[in-house]
Amino acid sequence: MDAAPVSDAVRMASSPDILKVVGLTTEFRGRHSRIRANDDITIAIRRGSILGIVGESGSGKSVLCRSILRLLPPSANAHVEGTVTYDGRDLLSLSEEEMRRLRGTELRMIFQNPMTSLNPVWPIGDQITEGLRVFGGLSSRQARDRGIELLGRVGIPSPERRFDEYPFQWSGGMLQRAVIAMAMAGSPKLLFADEPTTALDVTIQDQILALLLELQERSGMTLVLVSHDLAVVAETCDRIAVMYAGRIVETAPTKSIFDAPHHPYTAGLLNSIPHLSEGASRLKPIPGQPPDLAKLGQGCPFMPRCSHASADCSTSAIRLNETGPDRFSACLHPERIVGAAP
Amino acid sequence: MLQFIAGRLAQMIPVLFGVSLIAFLSVHLVPGDPIQIMTLGRATPETIAAMHAEYGLDQPLWQQYLTFIGNALQGDLGRSIVQKTDVAKLIGDGIGVSLYLLAYSAVLSVLIAVPLAMWAAARRDSAPDHVVRLASMVGLAMPPFWIGLLLMVVFGLTLRWFPIRGFGEGFFGHLHHMFLPALTMALFLAPILIQSLRSSILDVLEADYIEVARSKGLSPRRIMFKHILRNAAIPVITVLAVNIGWLLSGAVIVETVFTIHGLGSQLVRSVGFRDYFTVQGLALVFSVLVMLVNLAADLAYMAIDRRVARA
Amino acid sequence: MAIADASVKLSVAGRIGRELGGWPLSLKIGTGLFLTIVLAGLFAPLLTPYDPYYQDYNSILLSPSWAHPMGTDMNGRDIMARVLFGTRIDLLICFIITFVPMTYGVFIGAASGYLGGKLDTVVMRILDIAIAYPFLVLIIVIIAILGPGVHNIYVAVLLVGWTMYARLARAEMLVERGKDYILAARVLGFGRGRVMFGHALPNIINSSIVFAMSDFVLNILLLSGLSFLGLGVAPPEPEWGAMIAESKDYMRQAWWVTTMPAMAIVLTGTSLSLIGDGLAQRLGQNRRGLM
């Protein structure tokens, strides 16, 4: 059968996954050490979904986003391997210029600290519209109009007046809205949000999350939300990926993870959340410390802290296995986890 | 804005008082009789006494000070016995030249310092960075009078590319004549500028908003010029202003080496002639100049960095 | 087994060796160079057979050779001897005009910053006035009043040189006095003097020491500059700046006459800057030091 070959791009565009990461490994090579901040990451992100990446500090979640977007600082001397397929192309093999073009339009990222994310001596409006003028070819007038519209969309009152104000005049919550407006300016298809609410007050956190969700729903873009806070991710995401020591240890739909985790680390995280409703009981932290990424050996990195571990956990090669419908886990023995259901 | 200027001017008044007092005292703290010294001991006692009266030196000190201030505010800085002209005229003749030299030097030193600082900051901790920093240290240790002499001998006398004295005529004449002196001062100031600009660039490079700019897909060129340099330049304005005193000190030496008739060489000449009145006037003018430059720098800083305007 | 090694007591020499080994490269090079220069000045009579003042009219403007490693000047004097003896002059004077004002400058600035109040206002006014004068100009004015000569340079610099240190110390003290350990000391009832000088001062002195290094360099430039202008050390003393002034007319035909003393200035200044850079690194202030 000689059907006309469908181009990769077309096939990709209609494929359910907007981004496919296969075997992504990021190593920081210093003079005396090599740190594997990301080890063999494989994950597919569905178009139009909201993915949550959860892990503690040092788990590699921020490095992952930056590795995908190739935003690692040059001074870090990072070596990235693997493939990251977006729109039929491998992001890691694109030229820097093509990558920049994508970053200016379709692939955006917002960061943790809104107070320092904006240039203090530029007016806010100019920063939001900078991309529109550079990539979108808009005139200053047109860009300004669009910028004011964006500010309005993210909930800034009196945007025409505030457009020319400076970052020091705004609060943290408002600044983060501005940052979001800046990210939305190019109508992105995929937005990474690295701990967007961590630096904000609790009440503001909810507002910002609600804003992100609303924008996602309206535009249909794919959202990747990175956080150390399971609660934040639980409320907002369709699917969760749990990271530990530079690897993904579990991926599953949100509800499934909360109903029955398939990895001891996930179980440990769930257990350490205080539950007010169940009466007073001792907090159950996970014993031990996260491992030194420079000294990882064979086997499961969580093993030293795991109460279900056995000898083969330290010798076998660890990879993500399918443990249920649409679920993956890196644990060799997920059946040992209490409450684990197939 | 106007309020700020008014406030600063008010703040400056006690300093102006102190500064003018020091200038005033430069005549009166002289061991011995200033008039006698200035007339080289050739005048008769009657003439000296008459001059004492004429210059008001027989009046009580505080009264003399007030007269001094009063006259100064009207632009009268007294008359130089030694050089037989009004001090104000001597200063007026020289100030244009000195200011030209200062401006020319500032421009040249920025032209030298900016690329070197950028280069060093971009290649931090590697060979070029160390070379630039070492060169800065050596440059700082080089006496300006020697640099001036060297440039003069090589480019002025041997190669004959540049004249070696004087201010020249006309716009291009000035540029030509003043190039070597300005270059000397620029080489003298550049190490300090490089140091602080490099430091400032490194600070900005590590800032979050630069990472954000990269995430927006902006080209490295755009980021460097529109974001990094603009932000890094701000503290440098302060550095330039703070070092105006340094520049003026250098001007004294450079003007002498290149025989330029500016305020600096005037100062040295006056000291040599024991021309106390001129020294007094010059002391006042130098310090007022420094204060004005600092005020201008503060205003410029405010215009560029809006955060300061708020405070 | 390995645990026992950790508690080995080093001899004094061992400990010194370890400390020196940990020094940043710039500090090592700078100190080495500077010490060499100091020793050269100290042992000058041993290092040269010539009298720096002796004028041999048969040996005018000789270029550098084995007999005269740095050549001779227009009066037939051996330049190397003059440079070596000049080292004594420049280093001694500049040492005094750097470190003496530093002591009371830091003292005044620290006290002013800590105690505040009227003292602080007065000191700040004085500092403002001092800053308004370009340093060289101020020194020249004072010399104009008192007359040229080294002793008047001492008077002038000792009179006004402390202001830079006072500014620095005051600024640092303002920051330091808000810190918790100071509060703790005060709560414990220690007197103001004790807290100020025993507790706070040792922590702010580092920046002053680093600054003193660049001040030393600037003072060498100041002294040689004043001498060059005829307002400082006068010939026939072999001060480096005066040497350059004397021989500037001979620069074209005899480059060594001006260049040798200039090199001495540059070498001394660079070694001091290296020490300053290394000290800054060593004292933990500047993480991005040279080498």
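Residues numbered from 1 in each chain as written. Chains lettered and ligands numbered in written order. Predicted model: local features only at pLDDT ≥ 70, side-chain atom pairs only at ≥ 80, totals over all residues.

What about the overall build of chain A?
Part 1 of the reasoning: Along the backbone of chain A there are 12 helices and 12 strands.
Part 2 of the reasoning: In terms of overall dimensions, chain A is globule-like: its C-alpha atoms have a radius of gyration of 21 Å, near the 20 Å expected for 342 residues.
Part 3 of the reasoning: In terms of principal-axis extent, the alpha carbons of chain A reach across some 65 × 65 × 50 Å.
Part 4 of the reasoning: Out of the 342 residues in chain A, the part that is buried amounts to 39%.
Part 5 of the reasoning: Sequence-distant contacts, at least 24 apart, represent 64% of the contacts inside chain A between residues at least 6 apart. (Helix = DSSP H or I, 4+ residues; strand = E, 2+ residues; numbered from the N terminus. Rg over C-alpha atoms; globule rule 2.2 N^0.38 Å. Buried ≥ 20, exposed ≤ 12 C-beta atoms within 10 Å, placed from the backbone. Contact = placed C-beta atoms within 7 Å.)

So, the overall build of chain C
Part 1 of the reasoning: Across its full length, chain C carries 13 helices and 0 strands.
Part 2 of the reasoning: Scanning chain C from its N terminus toward the C terminus, one meets helices and strands in the order α-α-α-α-α-α-α-α-α-α-α-α-α.
Part 3 of the reasoning: For chain C, the C-alpha atoms occupy an extent of roughly 75 × 65 × 30 Å along the three principal directions.
Part 4 of the reasoning: In chain C, which comprises 291 residues, the proportion classed as buried is 49%.

Section: the packing of helix H11 (residues 244-257) of chain B against helix H13 (residues 276-304) of chain B
All names here are of chain B.
Part 1 of the reasoning: Between H11 and H13, the shortest axis-to-axis distance is 10 Å and the interhelical angle comes to 140°. Pair H11 / H13 crosses with right-handed handedness. Counted together, Ile-244, Gly-245 and Leu-248 of H11 and Phe-286, Val-290 and Val-293 of H13 form the full contact between these two elements.
Part 2 of the reasoning: Its residues assigned to classes, the contact of H11 with H13 shows 5 nonpolar, 1 polar and no charged. (Axes fitted to C-alpha atoms, helices over the stretch in contact; angles between N-to-C directions. Left-handed = near helix turned anticlockwise from the far one by under 90°. Nonpolar A, V, L, I, M, F, W, Y, C, P; charged D, E, K, R; others polar.)

Overview of the interface of chain A and chain B
Part 1 of the reasoning: Listed by partner, the interface residues are 21 residues for chain A and 19 residues for chain B.
Part 2 of the reasoning: Counting only elements with at least two residues in the side of chain A that touches chain B, the list comes to helix H3 (96-105), helix H4 (114-117) and helix H5 (124-134) of chain A.
Part 3 of the reasoning: Examining the composition of the side of chain A that touches chain B, we find that 4 residues originate from one element, H3(A), more than from any other.
Part 4 of the reasoning: Classifying every residue of the side of chain A that touches chain B by side-chain character gives 11 nonpolar, 6 polar and 4 charged.

Focus on the interface of chain C and chain B
Part 1 of the reasoning: Contact with chain C, which involves 37 residues of that partner, is made by 37 residues of chain B.
Part 2 of the reasoning: Elements with a contribution of two residues or more to the side of chain C that touches chain B: helix H6 (117-132), helix H7 (135-146), helix H11 (192-228), helix H12 (240-246) and helix H13 (255-282) of chain C.

A word on the nonpolar core
Part 1 of the reasoning: Counting residues in hydrophobic clusters, the biggest one holds 256 residues, and the most contacted among them are A:Ala181, B:Phe286, C:Ala110, C:Val137, C:Ile139 and C:Ile140.
Part 2 of the reasoning: Of the residues forming this core, the biggest block, 18 residues, is contributed by H11(C).
Part 3 of the reasoning: Ignoring sequence-local partners within four residues, the contact set of C:Ile139 consists of C:Ala156, C:Val157, C:Leu222 and C:Leu226. (Core = buried A, V, L, I, M, F, W, Y, C linked by C-beta atoms within 7 Å.)

Let's talk about the sheet that holds strand E1 (residues 17-29) of chain A
Residue and element names in this part refer to chain A.
Part 1 of the reasoning: Strand order in the open sheet made by the 4 strands is E2-E1-E4-E5, with antiparallel pairing throughout. Looking along the sheet, the strands with just one partner apiece sit at the ends: strand E2 (34-46) and strand E5 (89-90).
Part 2 of the reasoning: Sheet topology places strand E4 (residues 78-86) next to E5; 2 bridges connect them, and they run antiparallel. Along E5, the bridge assignment pairs Tyr-86 with Arg-89. (Pairing = 2+ DSSP bridges.)

Re the arrangement of the chains
Part 1 of the reasoning: Contact analysis covers 2 pairs of chains in contact, and the most contacts occur between chains B and C.
Part 2 of the reasoning: The two units chain A and chain C never meet; even their closest C-alpha atoms stay 14 Å apart.

Looking at the environment of A:Gln289
Part 1 of the reasoning: Mapped onto the elements of the fold, A:Gln289 is located in the loop between helix H12 (264-271) and strand E11 (321-324).
Part 2 of the reasoning: Taking the C-alpha atoms as reference, A:Gln289 lies 9.0 Å from A:Pro304; in sequence the two are 15 residues apart.

A few points about the pairing of E11(A)
Residue and element names in this part refer to chain A.
Part 1 of the reasoning: By the bridge criterion, 3 bridges tie E11 to strand E12 (residues 327-329) in an arrangement that is antiparallel. Residue Glu-322 lies in a different strand from E12, and its bridge partner there is Phe-328.
Part 2 of the reasoning: What sits between the antiparallel neighbours E11 and E12 is a turn of 2 residues, in which Asp-326 has the positive phi angle 65°.

Focus: the pairing of strand E8 (residues 222-227) of chain A
All names here are of chain A.
Part 1 of the reasoning: Taking burial as the measure, the 6 residues of E8 include 6 buried ones, the bulk of the element.
Part 2 of the reasoning: The alternating pattern of E8 places Thr-222, Val-224 and Val-226 and Leu-223, Leu-225 and Ser-227 on opposite faces, both of which are buried.
Part 3 of the reasoning: The sheet contact formed by strand E3 (residues 50-54) and E8 spans 5 bridges and is parallel. Bridged to Ile-50 within E8 is Leu-223.
Part 4 of the reasoning: One ladder, built from 5 bridges, connects strand E7 (residues 190-194) with E8; its direction is parallel. The residue of E8 that forms the bridge with Asp-194 is Val-226.
Part 5 of the reasoning: A crossover connection joins E7 to the parallel E8 through helix H9 (residues 202-219); in handedness this β-α-β unit is right-handed. (Right-handed = clockwise from strand over helix to strand, strands pointing away.)

Quick look at the sheet that holds E11(A)
Neighbouring strands of a sheet are bound in pairs by backbone hydrogen bonds; such pairs are parallel or else antiparallel.
Residue and element names in this part refer to chain A.
Part 1 of the reasoning: If you trace the 8 strands from one edge of the open sheet to the other, you get E6-E7-E8-E3-E9-E10-E12-E11, paired in mixed fashion. In this open sheet, the two edge strands, each paired with only one partner strand, are strand E6 (107-110) and E11. Pairwise comparison of adjacent strand axes, ignoring direction, gives a mean angle of 25° for this sheet.

Quick word on the packing of H5(A) against helix H6 (residues 140-153) of chain A
Residues and elements named next belong to chain A.
Part 1 of the reasoning: Between H5 and H6, the least distance of the axes is 9 Å, while the angle of their chain directions is 120°. Compared by their axis directions, H5 and H6 come out oblique. Both H5 and H6 take part in a crossing whose hand is right-handed. Facing Gly-125, Ile-128, Thr-129, Leu-132 and Arg-133 of H5, the residues of H6 in contact are Ser-140, Ala-143, Arg-144, Arg-146, Gly-147 and Leu-150.
Part 2 of the reasoning: Split into classes, the residues belonging to the contact of H5 with H6 amount to 4 nonpolar, 4 polar and 3 charged. (Parallel < 35°, antiparallel > 145°, perpendicular 65-115°, else oblique.)

Let's talk about unusual backbone geometry
All names here are of chain A.
Part 1 of the reasoning: Of note in the backbone geometry, Asp-87 takes a positive phi value of approximately 55° without being a glycine.
Part 2 of the reasoning: For Asp-87, a count of 17 C-beta atoms within 10 Å puts it in the partly exposed group.
Part 3 of the reasoning: Of note in this structure, Ala-245 is not a glycine but carries a positive phi near 50°.
Part 4 of the reasoning: Residue placement: Ala-245 occurs in the loop between strand E9 (239-244) and strand E10 (247-253).

Some details on helix H8 (residues 170-205) of chain B
Part 1 of the reasoning: The end-to-end C-alpha distance of H8(B), which contains 36 residues, comes to just 44 Å, noticeably less than the 52 Å that a straight helix rising 1.5 Å per residue would cover.
Part 2 of the reasoning: At B:Phe179, H8(B) shows its strongest bend, of approximately 50°, with the proline B:Pro181 following within four residues. (Expected span 1.5 Å × (residues − 1). Bend = angle between axes of the 7 residues up to and from the residue.)

A closer look at the environment of A:Gly55
Part 1 of the reasoning: Among the structural elements, A:Gly55 can be located in the loop between E3 and helix H2 (61-69).
Part 2 of the reasoning: Apart from the residues within four sequence positions on either side, A:Gly55 is in contact with A:Gly60, A:Lys61, A:His228, A:Val242, A:Met243 and A:Tyr244.

Concerning the environment of C:Phe216
Part 1 of the reasoning: As for its position among the elements, C:Phe216 is in helix H11.
Part 2 of the reasoning: For C:Phe216, the contacting residues outside a window of four places in its chain are C:Cys94, C:Thr98 and C:Leu272.

Digging into H11(B)
Residue and element names in this part refer to chain B.
Part 1 of the reasoning: The first and last C-alpha atoms of H11 sit 20 Å apart over 14 residues, in line with the 20 Å expected at 1.5 Å per residue.
Part 2 of the reasoning: Burial within H11 is extensive, with 13 of its 14 residues counted as buried.
Part 3 of the reasoning: Two residues or fewer after H11 comes Thr-259, characterised by a positive phi angle close to 50°.

Notes on the confidence of the model for chain C
Residues and elements named next belong to chain C.
Part 1 of the reasoning: Chain-level statistics for chain C give a pLDDT mean of 84 and a share of 94% at 70 or above.
Part 2 of the reasoning: The secondary-structure element of chain C with the lowest mean pLDDT is helix H1 (residues 2-5), recorded at 44, while helix H5 (residues 79-115) shows the highest, at 91.
Part 3 of the reasoning: Low pLDDT (under 50) marks residues 1-6, which in the prediction has 0 contacts with non-local residues, meaning those over four places away or in another chain.
Part 4 of the reasoning: The ipTM, which scores confidence in the relative placement of chains, is 0.82 for this predicted complex, and the corresponding pTM is 0.77. (pLDDT = per-residue confidence, 0-100.)

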